[in-house]
Amino acid sequence: MTYQVTVIGGGPSGLMAAIAAAEQGVQTLLIDKGKKLGTKLAISGGGRCNVTNRLPEEEVIKHIPGNGKFLYSPFSVFNNYDIIDFFEGLGVALKEEDHGRMFPVSNKAKDVVHALLNRMKELNIEVRTETPVEAIHYGEDEHQVILKSKEKITTRSLILAVGGKAVPHTGSTGDGYAWAKKAGHTITDLFPTEVPLLSNDSFIKNKTLQGLSLRDVDVSVLNEKGKKIVTHRMDMLFTHFGLSGPAVLRCSQFVVKEFMKGRKLVTIEIDALPNQKENELLEQLQKSIKDHAKKTFRNVIKGIVPERLLDFVLEKAEISPEEKSANISNEKLRSFTQMLKNFHVHIHGSQPLEKAFVTGGGVSIKEIVPNTMQSKLMERLYFCGEILDIHGYTGGYNITSAMVTGRVAGMHAAWEAMA
Ligand SMILES: Cc1cc2nc3c(=O)[nH]c(=O)nc-3n(C[C@H](O)[C@H](O)[C@H](O)COP(=O)(O)OP(=O)(O)OC[C@H]3O[C@@H](n4cnc5c(N)ncnc54)[C@H](O)[C@@H]3O)c2cc1C
């Protein structure tokens, strides 16, 4: 028997691709090596699934720094608002949180997975789980999928939706890159993105600030000359190994790229008070000192930043907690202010790709037709999701990219199979 469309991979991209293909009325098969489908989707967003983002399309694309512009074309067919309508149509009510992030009202990622699986059932999509694919043989009229069991499946159109290499226990073990290479595709360098960063700075090693989170701070990556490569204003977290939290995750790919250029140490700069210029802060502190000369400096400025950070910076600036305001020299005040505005952390690495949220790099988008997701090198071969060299920030952008590319791949794979 020959299937018209076969999808390998039951993540968000593969599930959406299979649905889109079957909606065109073609015989569709979905294969996954896992026991269940949508394993990564079910743990996404801390188990709540940040399924997409409500920001305008232009903004969504900006938040996908890894080749987001490639998505303009697929977005003209199916975009973030269509994802919202799609799930609401399947009975999954969504709600908006900060930064446009969309979650199921139930706060359950499983509801998103179940809605997709129910739709697959309605469309009579054949599903084979616990079925690892080992190899692909490409043919002129048909392609053959070789299972680990050595069984061969013949299909007119083939969609590769096996994801990247991040968090491999969910099934994403990078199997698809070899199959893409066999079809002649280029795989750009793989690297971890949206990944916590490692530091050997003494205050990190001593766990001085471990567990402290800072709200709405500016986190910047500095180049070798000390210039800012990128800045993100969001929350961040000091951990026992270095830095994490949304702002750091967003900066992480820029740090990793610096390492890929050969740098051994990259500086992250934290501005704990980004709404105030350094000279304004200095003037404000000078005034406070004058107004409260007899009080301790620590008491006068308490509340300016979280207490643990305050005590740490006071110690670094060699200001004792008992020091009276009147005794604070201008030089000490300046160095205290500077540390609040330009706090430096030296990064020597990131957690590995396996621990990253997202894989950077993948099947080169130069070899993919953007409005169909078809390979430019092989007839009726399609790619979608994280296997592609497309990566976004956390915030619903990666699932959006997976579902949008999956939708387009599924539709076109079906049309070509019927042609
Ligand atoms: C912890 C975590 C939380 C995340 N949270 C979010 C979030 O809230 N919002 C967001 O936008 N993004 C989030 N992401 C990223 C997002 O989940 C992924 O980008 C997305 O799942 C990629 O979808 P995909 O369909 O391309 O691949 P995957 O979801 O990785 O699915 C690939 C599938 O292919 C199957 N497969 C692989 N090899 C084979 C083979 N040889 N044979 C058969 N089947 C195979 C796997 O079993 C797997 O089911 C998160 C990532 C992680 C790790």
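Note that the structure is predicted; figures quoted are calculated from it, not measured.

Caption draft 1: Just unusual backbone geometry, in detail. Of note, histidine 99 is a non-glycine position whose phi angle comes to about 55 degrees, a positive value. Its place among the elements puts histidine 99 in the loop between β4 (94-96) and β5 (101-104).

Caption draft 2: The arrangement of the UniProt feature "domain: RsdA/BaiN/AoA(So)-like insert" (unreviewed entry) in the chain in detail. When the UniProt feature table is mapped to this numbering, "domain: RsdA/BaiN/AoA(So)-like insert" (unreviewed entry) covers residues 192-358. Helix makes up 36% of residues 192-358 and strand 26%, and the two end C-alpha atoms of the span are 6 Å apart.

Caption draft 3: Broad picture of the packing of aromatic side chains. Scanning the model with the defined rule gives eight aromatic pairs in all. Pairing phenylalanine 312 with phenylalanine 343 gives two aromatic rings, centres 5.8 Å apart and planes at 55 degrees, and the pair type is tilted. Of the two residues, phenylalanine 312 is situated in helix α12 (residues 307-316) and phenylalanine 343 in strand β16 (residues 343-350); the sequence distance between them amounts to 31 residues. A residue is classified by how much of its surface remains accessible, and phenylalanine 343, at 7% relative accessible area, is buried. Members of the aromatic cluster, each reached through a chain of ring pairs, are Phe203, Phe238, Phe312 and Phe343. Above the ring of phenylalanine 103, the side-chain terminus of arginine 48 is found at 3.9 Å from the ring centroid. The residue whose ring lies beneath arginine 407 is phenylalanine 78, and the NZ or CZ to ring-centre distance is 5.0 Å.

Caption draft 4: Highlighting the site of the ligand. Close to the ligand lie 33 residues; Asp32, Ser172, Asp175, Glu386 and Ile399 are nearest. Note that a nitrogen atom of the ligand is positioned 3.1 Å from one of the backbone N or O atoms of lysine 33. Contact between the ligand and glycine 396: an oxygen atom at 3.4 Å from a main-chain N or O atom of the residue. Coverage of the ligand by the protein amounts to 94% of the 1,000 Å² it exposes when considered alone. Sorting the residues of the shell around the ligand by element identifies α1 (12-23), α2 (39-47) and α14 (397-418) as the ones contributing at least two each. Across the shell around the ligand, the residue classes break down as 13 nonpolar, 15 polar and five charged.

Caption draft 5: The side chain of serine 157, seen in detail. In this fold, serine 157 is placed in strand β9 (residues 152-160). Using a relative accessible area of 0% as the deciding quantity, one classes serine 157 as buried. Among the polar contacts listed, one links the side chain of serine 157 to the backbone oxygen of alanine 413, at a separation of 2.7 Å. Sequence-distant contacts of serine 157, that is, excluding residues within four places in its chain, are made with Gln4, Val5, Thr6, Arg380, Tyr382, Ala413, Glu416 and Ala417.

Caption draft 6: Quick peek at the sheet that holds strand β11 (residues 197-199). The six strands lie next to each other as β11-β14-β13-β12-β15-β16, forming a closed barrel whose pairing is antiparallel. Between one strand axis and the next, the sheet turns by 50 degrees as a mean value, whatever way the strands run. In this structure, β11 lies alongside strand β14 (residues 242-244), joined through two bridges in antiparallel fashion. When the sheet's bridge partners are listed, leucine 197 is paired in β14 with leucine 243.

Caption draft 7: Fine view of the nonpolar core. Formed by 128 residues in total, the largest nonpolar core has its most connected members in Val51, Phe87, Met236, Phe238, Ile268, Phe336 and Phe343. Counting only domains with at least three residues in this core, you end up with domain 1 (2-190 + 355-418) and domain 2 (196-350). In this view, isoleucine 268 contacts Leu197, Val219, Ser220, Val221, Leu243, Cys251, Val255, Phe343, His344, Val345 and Ile347; residues no more than four positions away in its chain are not counted. Of all hydrophobic cores here, the second largest spans five residues; its members include Phe191, Val256, Leu353 and Ala356.

Caption draft 8: The environment of alanine 402, seen in detail. Secondary-structure assignment places alanine 402 in helix α14. The spatial distance from the C-alpha of alanine 402 to the C-alpha of glutamate 386 is 6.5 Å, given a sequence separation of 16 residues. The contact partners of alanine 402, leaving out residues within four places of it in the chain, are Pro12, Ser13 and Gly385.

Caption draft 9: Structural detail: the environment of leucine 285. Looking at where leucine 285 falls in the secondary structure, it is placed in helix α10 (residues 278-291). For leucine 285, a relative accessible area of 1% puts it in the buried group. Each C-alpha atom, one on leucine 285 and one on threonine 2, is 76 Å from the other, the two residues being 283 residues apart in sequence.

Caption draft 10: The arrangement of the domain arrangement of the chain in detail. Assigned domains within the chain: domain 1 (2-190 + 355-418) and domain 2 (196-350). Put simply, the middle of domain 1 and the middle of domain 2, counted by C-alpha atoms, are 40 Å apart. Across the interface of domain 1 and domain 2, roughly 750 Å² is buried in total on both sides, 61% from carbon and sulfur atoms. Linking domain 1 with domain 2 are zero salt bridges, by the criterion used here. Inspection of the domain 1/domain 2 interface yields two residue pairs in polar contact (both at pLDDT 80 or more). Here the residues of the side of domain 1 that touches domain 2 are counted per class, giving four nonpolar, four polar and one charged.

Caption draft 11: Quick peek at the side chain of threonine 337. As for its placement among the helices and strands, threonine 337 is situated in helix α13 (residues 330-341). Contacts of threonine 337, omitting those with residues within four sequence positions, involve Glu278, Leu281, Leu282 and Leu285.

Caption draft 12: Geometry of the pairing of strand β7 (residues 133-137). As judged from the four bridges shared by β7 and strand β8 (residues 143-147), these two strands associate in the antiparallel manner. In the strand pairing of β8, histidine 137 is matched with glutamine 144. Hairpin connection, β7 to β8: the antiparallel pair is bridged by five residues.

Caption draft 13: Here's a closer look at the pattern of salt bridges. A full pass over the atoms with the stated rule returns 21 salt bridges. Between arginine 233 and aspartate 218 there is a salt bridge; the shortest N-O distance is 2.6 Å. Note that arginine 233 is positioned in strand β13 (residues 228-238) and aspartate 218 in strand β12 (residues 213-222), a separation of 15 residues in sequence. Between arginine 298 and aspartate 311 there is a salt bridge; the shortest N-O distance is 2.7 Å. One end of the pair, arginine 298, is in helix α11 (residues 297-301); the other, aspartate 311, is in helix α12, and 13 residues separate them in sequence. We classify arginine 298 as buried; its relative accessible area is 15%. Each of Arg48, Lys95, Glu97, Asp98 and Arg101 takes part in salt bridges that share partners, so that together they form one network.

Basis of the calculations
Each chain carries its own residue numbering, running from 1 in the direction its sequence is written. The model is predicted, so local features are restricted to residues of pLDDT at least 70 and side-chain atom pairs to those at 80 or more, both for listing and for counting; the totals for chains, interfaces and linings are taken over all residues. With hydrogens and water excluded, all non-hydrogen atoms of the structure serve as input to the side-chain values. Where helices and strands are cited, they refer to DSSP runs of H or I of at least four residues and of E of at least two residues respectively, numbered from the N terminus. UniProt positions are given in the numbering used here, feature names are shortened, and annotations may be inferred rather than shown by experiment. Only rings of Phe, Tyr and Trp enter the pairing, Trp through its six-membered ring, and a pair is recorded when the two centres are within 6.5 Å. The plane angle decides the type: under 30 degrees is stacked, over 60 is edge-to-face, the rest tilted. Exposure classes here rest on a 1.4 Å probe applied to the protein chains alone. A residue is buried below 20% of its type maximum, exposed above 50%, and partly exposed in between. Cation placement over rings: the criterion is NZ of Lys or CZ of Arg within 6 Å of the ring centroid and within 35° of the ring normal. What makes a residue near a molecule or strand is one non-hydrogen atom of that residue sitting within 4 Å of it. Think of a polar contact as two N or O atoms within 3.5 Å of one another; within protein, one of them needs to be a possible hydrogen donor and the other a possible acceptor, and neighboring residues in sequence only count if both atoms come from side chains. A 1.4 Å probe and the Shrake-Rupley method give the accessible areas. Residues count as covered only by the protein chains that appear here. Following the grouping adopted for this structure description, the nonpolar residues are Ala, Val, Leu, Ile, Met, Phe, Trp, Tyr, Cys and Pro, the charged ones are Asp, Glu, Lys and Arg, and the polar ones are all others, Gly among them. For this analysis, residues touch if any pair of their heavy atoms sits within 4.5 Å. Two strands pair if DSSP finds at least two bridges between them. In this analysis, axes come from line fits to C-alpha atoms, helices being fitted only over the stretch in contact, and the angle between any two N-to-C directions falls in the range 0 to 180 degrees. Buried residues of nine kinds, namely Ala, Val, Leu, Ile, Met, Phe, Trp, Tyr and Cys, make up a nonpolar core once their side-chain atoms join them within 4.5 Å. Just so you know, the domain bounds were taken from an automatic or database domain assignment. Here's the idea: put two parts together, see how much 1.4 Å probe accessible area each one loses, and the total over both is what we call buried area. The salt bridge criterion pairs a side-chain nitrogen of Lys or Arg with a carboxyl oxygen of Asp or Glu, the two atoms within 4 Å.

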